[in-house]
Amino acid sequence: SGPAIKRLADLVRDWYRRNGYIANELVRVAVVEEGRCELELEEFIVDGQPVDISFVKEEVIVPTSEDEDGETGTMAYRAYRKKMSRNRSLKDRALPRNEMNSTLVRAEGRTSPHAVAEAMGLRPG
């Protein structure tokens, strides 16, 4: 019956959510004969580690040459602040981070993707 099929679909959807399978879903339920139905499911399978972490840090964009030819590089905020403090006109001026032209660059990190996946109850498959 219609209400029983809806209840079955809701149970499957709830099971997916409860068990962390947020990308999986019930696509279709069809009655194929009296007392029997088919469920069409879309399930994603993770081959390896289910969590991947990209570590980044914010760095200040600075000119790489004195002649201002448009070439730029990046420098850590602390190093940039130290470099600018050597300039007499900027020595006592605050260098607020939110006024800097900055970008994110790849960095090294220590957080283990395996530990995050385990804490979230995620596993391959």
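Residues numbered from 1 in each chain as written. Predicted model: local features only at pLDDT ≥ 70, side-chain atom pairs only at ≥ 80, totals over all residues. Heavy atoms only, no water.

**Q** Can you help me understand the packing of aromatic side chains in this one?
**A** Using the criterion set out here, one finds three aromatic pairs in the structure. Note on Trp 15 and Tyr 21: the rings are 5.6 Å apart at their centroids and 10° apart in plane angle, and the pair reads as stacked. You can call Trp 15 partly exposed: its relative accessible area is 42%. The interplanar angle of 75° and the centroid separation of 6.4 Å between the aromatic rings of Tyr 16 and Tyr 21 together place this pair among those described as edge-to-face. Given a relative accessible area of 4%, Tyr 16 falls into the buried group. One aromatic cluster in this structure is built from Trp 15, Tyr 16 and Tyr 21. (Phe/Tyr/Trp six-rings, centres within 6.5 Å; stacked < 30°, edge-to-face > 60°. Buried < 20%, exposed > 50% of the residue type's maximum accessible area, 1.4 Å probe, protein only.)

**Q** Explain a nonpolar patch on the surface to me, please; I cannot follow it from the model alone.
**A** A cluster of nonpolar residues, Leu 8, Leu 39 and Leu 41, forms a patch on the protein surface that exposes about 210 Å² of accessible area. With respect to the helices and strands, Leu 8 occurs in helix H1 (residues 2-18). (Patch = residues over 30% accessible without salt bridge, like charges linked within 9 Å, V, L, I, M, F, W, Y side chains within 5 Å. Areas by Shrake-Rupley, 256 points an atom, 1.4 Å probe, with all protein chains shown as cover. Salt bridge = Lys/Arg side-chain N within 4 Å of Asp/Glu carboxyl O. Helix = DSSP H or I, 4+ residues; strand = E, 2+ residues; numbered from the N terminus.)

**Q** I tried to follow the nonpolar core on my own but got confused; where do I start?
**A** Within soluble globular proteins, side chains that are nonpolar tend to cluster in buried spots. Val 60, Val 62, Tyr 77, Tyr 80, Met 84, Leu 95 and Met 100 together form the largest nonpolar core, which totals seven residues. When contributions to this core are tallied by element, the ones reaching two or more residues are strand E3 (56-63) and helix H2 (77-85). Ranked by residue count, the leading element in this core is H2, at three residues. Once residues lying within four places of it in the same chain are set aside, the contact partners of Leu 95 are Tyr 77, Arg 81, Met 84 and Met 100. (Core = buried A, V, L, I, M, F, W, Y, C linked by side-chain atoms within 4.5 Å. Contact = heavy atoms within 4.5 Å.)

**Q** Please clarify how the sheet that holds strand E5 (residues 102-106) should be interpreted in this entry.
**A** Hydrogen bonds between backbone groups are what pair the strands of a sheet, and the pairing can be parallel or antiparallel. With antiparallel pairing, the three strands of this open sheet are ordered in space as E4-E3-E5. Sheet topology places strand E4 (72-76) and E5 at the edges, where each strand pairs with a single neighbour. Pairs of neighbouring strands in the sheet enclose a mean axial angle of 50°, with direction left out of account. The pairing of E3 with E5 spans five bridges and is antiparallel. Bridge pairing in E5 places Val 60 opposite Ser 102. Of the strands in this sheet, E3 and E4 touch H2, which is tilted by about 100° from E4. (Pairing = 2+ DSSP bridges. Axes fitted to C-alpha atoms, helices over the stretch in contact; angles between N-to-C directions.)

**Q** Just checking my understanding: could you explain the pairing of strand E1 (residues 25-33) for this structure?
**A** Side-chain direction in a regular strand flips from residue to residue, so the side chains alternate between the two faces of the sheet. Both E1 and strand E2 (residues 36-42) contribute to a ladder of seven bridges, which runs antiparallel. Bridge pairing in E2 links Arg 28 to Glu 40.

**Q** Honestly, the pattern of salt bridges in this entry has me stumped. Any pointers?
**A** Two side chains carrying opposite charge are able to pair once their charged atoms lie near each other. What the rule picks out here adds up to six salt bridges. Note that Arg 36 and Glu 33 form a salt bridge whose closest N and O atoms lie 3.5 Å from each other. Accessibility expressed as a relative area gives 45% for Arg 36, which makes it partly exposed. With a relative accessible area of 44%, Glu 33 lands in the partly exposed category. Where Lys 57 meets Glu 59, a salt bridge forms, and the shortest distance between an N and an O atom there is 3.3 Å. You can call Glu 59 buried: its relative accessible area is 9%.

Keep in mind that these numbers describe shape and distance, not what the molecule does.
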